[in-house]
Amino acid sequence: MKKAFFMLCLTMVFLLFGCGHSVQRVDADKQIDLSGYWNDTDLRKASDNLIKDCLAAPRLSAFYTTERRLPVIIVGRFINSSDEHIDTSILSQRLEASILASGKAEFVASGNLRDDIRAERMDQQQGYTDDATMARIGRETGADFMMTGSVKTIVDSYDKTATRSYFITAELTDIATNRRLWMGEYNDIKKVIRRPSVKP
């Protein structure tokens, strides 16, 4: 009985070690498509294209020439209108970081970050902060433009084969006038996915 129990335990140990997974590090820029859904390669291609298009926009340069200062942008909503889960905040943050790094525009905080900063500013008014270092109320920089965007998909399927086409847009809208400063679209992502037949 003890021998049978020992063998059972030994078998369980072998099974546990045999079912382990492996991890392989690869270059972050390497294209890997596993499921056929949105992935880091799609994000990189779409954002790089939109960033390049935005920075080359004639109206962006015209704003600087006319106003003699950089345009100030706030990030609005990037909507996921696709049929899958896509974290659009990664796309908007990548656009913001690259445009800011280019030196062609400035950004102001938005969303929860702005609320956190305002809460800290209000806390500094409670008498605990040195007046010489206290952030004053009413000194926020107003944004000239709001950046928004969306991700959409078109899916076509027949039998075990499907195509997924992605349409990624971004735009800058004048907050005072609702006029568009720039609109960009990237629609060069199209995938053909073939599913294997289930064997009986």
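This is a predicted model, so every value here is computed, not measured.

Q: What exactly am I supposed to notice about helix 2 (residues 40-55) here?
A: Residues that lie three or four places apart on an α-helix share one face, since the helix turns once every 3.6 residues. The end-to-end C-alpha separation of helix 2 is 22 Å, in line with the 22 Å expected for 16 residues at 1.5 Å each. What helix 2 keeps buried is the set Thr-41, Asp-42, Leu-43, Arg-44, Ala-46, Ser-47, Leu-50, Ile-51, Cys-54 and Leu-55. Buried residues in helix 2 make contact with helix 3 (58-67), helix 4 (88-102), strand 4 (161-174) and strand 5 (180-194).

Q: Can you walk me through the sheet that holds strand 5 in this structure?
A: Sheets are built from strands that pair by backbone hydrogen bonding, the pairs being arranged parallel or antiparallel. The strand order across the open sheet formed by five strands is 2-1-3-4-5, and the pairing between neighbours is mixed. Looking at which strands have only one partner, the edges of the open sheet turn out to be strand 2 (106-108) and strand 5. Across this sheet, the average inter-strand angle for adjacent strands is 30 degrees, counted without regard to direction. Summarising the sheet, strand 3 (residues 145-158) and strand 4 pair through 14 bridges and their orientation is antiparallel. The partner of Gly-149 across the bridge, within strand 4, is Ala-170.

Q: So what exactly am I meant to see when it comes to the pattern of salt bridges here?
A: Oppositely charged side chains can form a pair if their charged atoms are brought close together. A full pass over the atoms with the stated rule returns eight salt bridges. For Arg-94, the salt bridge identified is with Asp-48, shortest N-O distance 3.1 Å. Of the two residues, Arg-94 sits in helix 4 while Asp-48 sits in helix 2, which places them 46 residues apart along the sequence. Classification of Arg-94 as partly exposed rests on a relative accessible area of 31%.

Q: Teacher, can you tell me more about the environment of Leu-60 here?
A: Looking at the secondary structure, you find Leu-60 in helix 3. With 112 residues separating them in the primary sequence, Leu-60 and Leu-172 have C-alpha atoms 9.6 Å apart. In contact with Leu-60, not counting residues within four places along its chain, are Cys-54, Leu-55, Pro-71, Leu-172 and Leu-181.

Reading the values: rules and limits
- Residues numbered from 1 in each chain as written.
- Predicted model: local features only at pLDDT ≥ 70, side-chain atom pairs only at ≥ 80, totals over all residues.
- Heavy atoms only, no water.
- Helix = DSSP H or I, 4+ residues; strand = E, 2+ residues; numbered from the N terminus.
- Expected span 1.5 Å × (residues − 1).
- Buried < 20%, exposed > 50% of the residue type's maximum accessible area, 1.4 Å probe, protein only.
- Contact = heavy atoms within 4.5 Å.
- Pairing = 2+ DSSP bridges.
- Axes fitted to C-alpha atoms, helices over the stretch in contact; angles between N-to-C directions.
- Salt bridge = Lys/Arg side-chain N within 4 Å of Asp/Glu carboxyl O.

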